[in-house]
Amino acid sequence: MNRVQPIRDKQTVKDIFDYLYEKKKRNGIMYAIGIYMGLRISDILPLRVRDAKKQYFYFREKKTGKEKRIPINRFIRKLLDDYIKDKKDYECLFRSPRKNANEPISRQQAYKIISDAGRKFGLQDGIGTHTMRKTFGYHYYKKTKDVATLMELFNHSHESITLRYIGITQDTISQVYKNIDLLE
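Nothing here was measured: the structure is a model prediction, and the numbers come from that model.

S.K.: Break down the nonpolar core for me, with residues and values.
M.R.: Core analysis: the biggest nonpolar cluster contains 37 residues, and Met30, Tyr31, Ile33, Phe57, Leu80, Leu93 and Phe94 have the highest contact counts within it. Listed by contribution, the elements that provide at least two residues to this core are helix H1 (10-23), helix H2 (25-37), helix H3 (41-44), helix H4 (49-52), strand S1 (56-60), helix H5 (74-84) and helix H6 (107-120). The element best represented in this core is H2, accounting for seven residues. Setting aside residues no more than four positions away along its own chain, tyrosine 31 makes contact with Ile7, Thr12, Val13, Ile16, Phe17, Leu20, Ile114 and Met132. Within the second largest apolar cluster, eleven residues are counted, among which are Phe136, Tyr141, Phe154 and Tyr165.

Printed below as a string of structure tokens:
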């Protein structure tokens with residue numbers, strides 16, 4: 001499996017949301033939760049309508065087993081309120097289209113949704129479901145330079161791990177090569 005990258009261009013982040021939401025609300029909301037909350041897809045897909053009615057998403061992370069309580073911001077709240085108004089509490093938020101199945105879409109289907117949308121906007125390589133989490137981290141860091149909070153959110157033990165994870169280390173290395181002018 002290739003390493004995925006964050007979406008560095010804010011307009012592309014917005015364009016992908018608009019495209020996914022217009023095509024199918026379920027997919028746009030899944031993407032919005034991923035980029036606004038930095039959650040892993042394994043923690044997004046099991047969400048139920050009853051979870052979306054609260055002020056927080058409260059769950060135990062699949063990967064780490066740690067409990068998380070994440071407030072639902074105004075933008076996500078508005079999307080969710082519209083999306084769930086005619087749904088039952090027990091229904092999966094990201095329900096599979098299979099008849100009579102109250103199961104979420106698969107991780108593979110989520111990957112296909114995100115990677116296809118990325119390709120539509122010229123992101124050929126390194127795009128997948130984990131891109132949403134890394135995009136959250138990348139843009140949070142660019143705005144705040146607060147690596148300590150990101151380390152806590154992502155459960156990383158060192159700044160260098162977090163910076164490499166969100167693509168900042170690669171950006172810095174790329175700038176070195178772009179700016180060298182030894183023979184000019």
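S.K.: So, the packing of H2 against H6: which residues are in play, and what are the values?
M.R.: Remark: H2 packs on H6, axes separated minimally by 11 Å, with the N-to-C direction vectors making an angle of 85°. Of the possible angle classes, the one that applies to H2 and H6 is roughly perpendicular. Packed against H2, whose contacting residues are Arg26, Asn27, Met30 and Tyr31, the element H6 presents Ala110, Ile113 and Ile114 at the interface. For the contact of H2 with H6, the class distribution of residues is five nonpolar, one polar and one charged.

S.K.: Report on the pattern of salt bridges, specifying residues and quantitative values.
M.R.: Counted under the stated rule, the structure contains eleven salt bridges. Notably, a salt bridge pairs glutamate 67 with arginine 60, separated by 2.8 Å at the nearest N-O pair. The class of glutamate 67 is partly exposed, set by a relative accessible area of 47%. Glutamate 91 is the partner of arginine 95 in a salt bridge, and the nearest nitrogen-oxygen pair spans 3.4 Å.

S.K.: Could you give an account of the packing of H1 against H2, with specific residues and numbers?
M.R.: Two numbers describe how H1 lies on H2: the axes approach to 5 Å, and their chain directions differ by 150°. Viewed along their axes, H1 and H2 adopt a mutual orientation that is roughly antiparallel. Here Thr12, Val13, Ile16, Phe17, Leu20, Tyr21 and Lys23 of H1 come into contact with H2, specifically with Lys25, Asn27, Gly28, Ile29, Tyr31, Ala32 and Ile35.

S.K.: So what's going on with the pairing of S1? Which residues, and what values?
M.R.: Residues Phe57 and Phe59 point to one face of S1 and are all buried, whereas Tyr56, Tyr58 and Arg60, pointing to the other face, are not buried. Two elements, S1 and strand S2 (residues 67-71), share five bridges in a ladder whose sense is antiparallel. Across the sheet, the residue bridging to tyrosine 56 is proline 71, located in S2. What sits between the antiparallel neighbours S1 and S2 is a turn of six residues, in which glycine 65 has the positive phi angle 80°.

S.K.: Please set out H6 residue by residue, giving values where relevant.
M.R.: Residues three or four positions apart in an α-helix share a direction because the helix packs 3.6 residues into each turn. Counted at 1.5 Å a residue, the expected span for H6 with its 14 residues is 20 Å, and the 20 Å between its end C-alpha atoms agrees. Considered for burial, the residues of H6 that qualify are Ala110, Ile113, Ile114, Ser115, Ala117 and Gly118. Close packing links the buried residues of H6 with H1, H2, H3 and helix H7 (130-144).

S.K.: Explain the side chain of aspartate 51 residue by residue, including any values.
M.R.: Within the secondary structure, aspartate 51 sits in helix H4. For the buried aspartate 51, which has no salt bridge, the nearest side chain bearing the opposite charge is lysine 54, at an N-O separation of 4.3 Å. Separated by 2.8 Å, the side chain of aspartate 51 and the backbone nitrogen of arginine 48 make a polar contact. Non-local contacts of aspartate 51, meaning those with residues more than four positions away in its chain, are made with Pro46, Tyr56, Phe57 and Ile72.

Rules used in this analysis
Residues numbered from 1 in each chain as written. Predicted model: local features only at pLDDT ≥ 70, side-chain atom pairs only at ≥ 80, totals over all residues. Heavy atoms only, no water. Core = buried A, V, L, I, M, F, W, Y, C linked by side-chain atoms within 4.5 Å. Buried < 20%, exposed > 50% of the residue type's maximum accessible area, 1.4 Å probe, protein only. Helix = DSSP H or I, 4+ residues; strand = E, 2+ residues; numbered from the N terminus. Contact = heavy atoms within 4.5 Å. Axes fitted to C-alpha atoms, helices over the stretch in contact; angles between N-to-C directions. Parallel < 35°, antiparallel > 145°, perpendicular 65-115°, else oblique. Nonpolar A, V, L, I, M, F, W, Y, C, P; charged D, E, K, R; others polar. Salt bridge = Lys/Arg side-chain N within 4 Å of Asp/Glu carboxyl O. Pairing = 2+ DSSP bridges. Expected span 1.5 Å × (residues − 1). Lys, Arg positive; Asp, Glu negative; His and termini not counted. Polar contact = N/O pair within 3.5 Å; in protein donor to acceptor, adjacent residues only side chain to side chain.

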